[in-house]
Amino acid sequence: MIALRHTFTPLMLALVLAGCATAPEPRDAQLSVPAGFKEAATTDASAANQGHWKTAQPSEAAPRGAWWQAFDDATLNELQQQAEAANPSLAVAAARVKAARASLGSAQADRLPQVGINAGVARQKYAPAQQGAAEGTNLPPGTVWSAGLTASYEVDLFSRVANSVNAAQADAQASEATYRSVLLALQADVAQAYFQLRTLDADVAVLERTLGLRQETANLIGKRRDAGDVSELDVARARTELATTRAELQGVRGQRAQVEHALALLLGKAPANFDLTPKPLTVEAKVPVVPAGLPSALLERRPDVAAAQAQLMAATARVGQARSAVFPALMLTANGGNASYELRDLFDWSARAWLVNAVLSMPLFDGGRNKANITRAEAALDESVASYRQTVLAAFGDVEDKLSGLSAVRGQTESLDEALLAARRSAELADKRYRAGEDSYLTLIDTQRSLLAIERQAVQVRGAWASTTVGLIRALGGSWGEPAPAQASAAPASQGTRPL
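Below you will find a few notes about this structure. For every chain, the first residue of the written sequence is number 1, and numbering continues from 1 along that sequence. Reporting in this predicted model follows two pLDDT cut-offs: at least 70 for local features of residues, and 80 or more for side-chain atom pairs to be given and counted; totals over whole chains, interfaces and linings ignore these cut-offs and use all residues. Hydrogens and water molecules were not included; the side-chain quantities draw on all heavy atoms of the structure.

Moving on to the pattern of salt bridges. Salt bridges, as used here, are contacts in which a Lys or Arg side-chain nitrogen is within 4 Å of a carboxyl oxygen on Asp or Glu. Applying the stated rule across the entire model yields 26 salt bridges. Ionic pairing is found between Glu241 and Arg214, a salt bridge with its closest N-O pair at 4.0 Å. In this pair, Glu241 sits in helix α6 (residues 232-266) while Arg214 sits in helix α5 (residues 160-227), placing the two residues 27 residues apart along the sequence. Neither residue differs from the other here; Glu241 and Arg214 are each classed as buried. Linking Glu260 and Arg256 is a salt bridge whose minimum nitrogen-to-oxygen distance equals 3.3 Å. Numbering of helices and strands starts at the N terminus; helices are DSSP runs of H or I of at least 4 residues and strands are runs of E of at least 2. Note on exposure labels: buried denotes an accessible area under 20% of the residue type's maximum, exposed denotes more than 50%, and partly exposed covers the range between, all computed with a 1.4 Å probe on protein chains only.

With 11 bridges connecting them, strand β1 (residues 114-124) and strand β2 (residues 142-155) associate as antiparallel partners. Looking at β2, one finds that Gln114 is bridged to Ser152. By the convention used here, strands pair only if DSSP detects at least 2 bridges between them. Where β2 lies against strand β3 (residues 329-340), 11 bridges are found, and the strand directions are antiparallel. What sits directly across from Leu149, in β3, is Gly336.

Another point: the packing of α5 against α6. Between two packed helices, both the angle of their axes relative to each other and the distance between the axes serve to describe the pair. To get an axis, fit a line to the C-alpha atoms, keeping to the stretch in contact for a helix; angles then go from 0 to 180 degrees between the N-to-C directions. With their axes 8 Å apart at the nearest point, α5 and α6 run at an angle of 165° to one another. Here α5 lies roughly antiparallel to α6, going by the angle between them. α5 and α6 meet at a crossing whose hand is left-handed. Lys, Arg, Asp and Glu make up the charged group, whereas Ala, Val, Leu, Ile, Met, Phe, Trp, Tyr, Cys and Pro make up the nonpolar group; the residues left over, Gly among them, are polar. When grouped by side-chain class, the residues that make up the contact of α5 with α6 number 18 nonpolar, 5 polar and 14 charged. To sort the angles, those under 35 degrees are grouped as roughly parallel, those over 145 as roughly antiparallel, those from 65 to 115 as roughly perpendicular, and the leftovers as oblique. Crossing handedness is read from the near helix: turned anticlockwise from the far helix by less than a right angle, it gives a left-handed crossing, and turned clockwise, a right-handed one.

In this scheme, a helix's expected span is set at 1.5 Å multiplied by one less than its residue total. In this model, α5 (68 residues) spans 99 Å end to end at C-alpha, consistent with the 100 Å of a helix rising 1.5 Å per residue. Immediately downstream of α5, the backbone of Gly228 shows phi near 85°, a positive value.

This part takes up the sheet that holds β2. Strand order in the open sheet made by the 4 strands is β1-β2-β3-β4, with antiparallel pairing throughout. Of all strands in the sheet, those with a lone pairing partner are β1 and β4 (352-361), marking the two edges. When strand polarity is set aside, the average angle formed by the axes of neighbouring strands in this sheet is 20°. Taken together, the 10 bridges between β3 and β4 define a ladder with antiparallel strand orientation. Residue pairing for β4: Leu330 is matched across the bridge by Leu360.

A few words now on the packing of aromatic side chains. Stacked, edge-to-face and tilted labels apply to pairs of Phe, Tyr and Trp rings (six-membered ring for Trp) whose centres lie within 6.5 Å, assigned for plane angles under 30 degrees, over 60, and everything in between, in that order. Across all of its chains, the model carries 4 aromatic pairs by this definition. Plain terms: the ring middles of Trp67 and Trp68 are 5.7 Å apart, the flat faces sit at 80° to each other, and that makes the pair edge-to-face. You can call Trp67 buried: its relative accessible area is 1%. Note on Phe158 and Phe327: the rings are 5.2 Å apart at their centroids and 15° apart in plane angle, and the pair reads as stacked. Here Phe158, found in the loop between β2 and α5, pairs with Phe327, found in the loop between α8 (303-324) and β3; they are 169 residues apart in sequence, far enough to count as distant. Comparing Phe158 with Phe327 shows no difference in burial state: the two are buried. One aromatic cluster in this structure is built from Phe71, Tyr194 and Phe195.

Between α8 and helix α9 (residues 369-435), whose axes approach to 8 Å, the crossing angle comes to 165°. Classified by the angle between their axes, α8 and α9 sit roughly antiparallel to one another. Where α8 crosses over α9, the two elements pack in a sense that is left-handed. Side by side, α8 and α9 meet where Asp304, Val305, Ala308, Gln309, Gln311, Leu312, Ala315, Thr316, Arg318, Val319, Ala322 and Arg323 of the first sit next to Asn373, Ile374, Ala377, Glu378, Ala380, Leu381, Ser384, Val385, Tyr388, Thr391, Val392 and Ala395 of the second. A per-class count over the contact of α8 with α9 returns 14 nonpolar, 6 polar and 4 charged. The contact criterion used is simple: two residues touch if any of their non-hydrogen atoms lie within 4.5 Å.

Attention now goes to the side chain of Asp201. In this fold, Asp201 is placed in helix α5. The term polar contact refers here to a pair of N or O atoms within 3.5 Å; inside protein, the definition further demands a hydrogen-donor-capable atom paired with an acceptor-capable atom, and it admits residues adjacent in sequence only when both atoms are side-chain atoms. Only 2.4 Å separates the side chain of Asp201 from the side chain of Arg256, close enough to count as a polar contact. For Asp201, the residues in contact, after removing those within four places along its chain, are Arg256, Pro278, Lys279 and Pro280.

What makes a nonpolar core is a set of buried Ala, Val, Leu, Ile, Met, Phe, Trp, Tyr and Cys residues whose side-chain atoms join them at distances within 4.5 Å. Grouped together as the largest cluster of nonpolar side chains are 80 residues, with contacts concentrated most on Trp67, Phe71, Val190, Phe195, Leu263 and Val399. Of all elements in the fold, only α3 (74-86), α4 (88-109), α5, α6, α7 (295-301), α8, α9 and α10 (441-475) reach the threshold of two or more residues within this core. Take this core: its biggest share by element is 17 residues, from α5. Not counting chain neighbours up to four residues away, the residues in contact with Phe195 comprise Phe71, Leu76, Leu281, Ala466 and Val470. In this structure, Ala238, Tyr434, Leu444 and Ile445 belong to the second largest nonpolar core, which totals 10 residues.

On to a nonpolar patch on the surface, then. Two distance rules govern patches: like charges are joined within 9 Å, and nonpolar side chains (Val, Leu, Ile, Met, Phe, Trp, Tyr) within 5 Å, applied only to residues with over 30% relative accessible area and no salt bridge. The Shrake-Rupley method, run with a 1.4 Å probe, gives the accessible areas here. Residue values count only the displayed protein chains as cover. The grouping of Met362, Leu364 and Phe365 at the surface amounts to a nonpolar patch, some 450 Å² of accessible area in total. With respect to the secondary-structure elements, Met362 resides in the loop between β4 and α9.

Here the focus is the side chain of Arg462. Mapped onto the fold, Arg462 is located in helix α10. Despite its burial, Arg462 pairs with no opposite charge; the closest candidate is Asp417, at 6.7 Å N-O. Within the structure, Arg462 has its side chain in polar contact with the backbone oxygen of Leu281 (distance 3.0 Å). Only four residue types enter the charge count: Lys and Arg as positive, Asp and Glu as negative, with His and the chain ends excluded.

What follows is the structure, encoded as structure tokens:
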């Protein structure tokens, strides 16, 4: 009984110490989640009065993962498919997911016994002292043939293996969330580049129409000069306006080419191999009304927040892994097989041999290495807590910025609608009065310049509405309403991997 008690004393001590090596409880990021978004009330209140150019579309009918389908644009749908299939940055993120899942599989393998096979031959000459023979005894060299199995297993007394697996699992979840974040950013960039192109196409259309009117006016003034009705000064002014409008048109066409090149790169194509047919953004463009929802739901929808949370969990597990290094490790090993001086006798029953070991080891002096590793792991955990908090705060700020921007765009649209009607009426009256000789050409130029400026501003605001809506969807994590379920295509498929 006394011998049995002494046998279990080290084991009981190890079990007691095991509680000291566990990972700490997840740190509190000390976040105060607001009850609602500050800008949501203003945005929602103006949603009912959106201006005449935009037709409201129900958003909930659109698939959560394919949020761009709410814009009901076949070209945009096709571009999104091309980007997801060929974008290099997305391929890099997918490769990192694959590597993280492989690391998880490697960590999980430590939970199981490791079994191997060995076979070999050794030739050795022993000294007399090694064999207990008299000095000067001549021992001939011998050859030993061996074959057998080996097995080893670490008893996870202090959760070293468990914490290693937990850390690898959290890393895999973080890489999957990062993949979804890259995918969402790519989808938003493609949509915003597409709407920017359509906005520039509309700007080109306005300038081309204005250029035609300038040409007609210049021709008319030339005829009136020939008839002696106006001076050469009016002709010079008309030519100036014509050339200025042509220069502005050339500049906008150059901007469109640059945006088209950027869109080609997002699609994984060389700019020389990509050409998008001009499609001006019109007043009939459909843009979904996106409710902001609750701030607490934002923490579940945004993939960058999910990635930061997974990284926090991984850092927590690594603290436990570092702490377990200072406690004993219990390793079970076994070797079994045959050994013989002659190859023909290797598998005889008398040639069998085996060995079983149970080794409990722990460090006594390591120069402070393990203590430094624990400090480093705890510092990494502190960094992860701060990073998670910063990510959440940035997410709230991102949504507030997009909501305020959307509210401002809606207000601009209403004001520009009124200004555009007045400017068109003013330009029409100025043209009639100039033709009748009641006003100078300078008055006509001023009204036409004002009309062109307001028309171009209206086009830009129209594009900003679509682009800001895309930005809001991105800020909300690619969905709205209730938290979206995990999409099958959110990360590269891998059998046996739990979705986030």
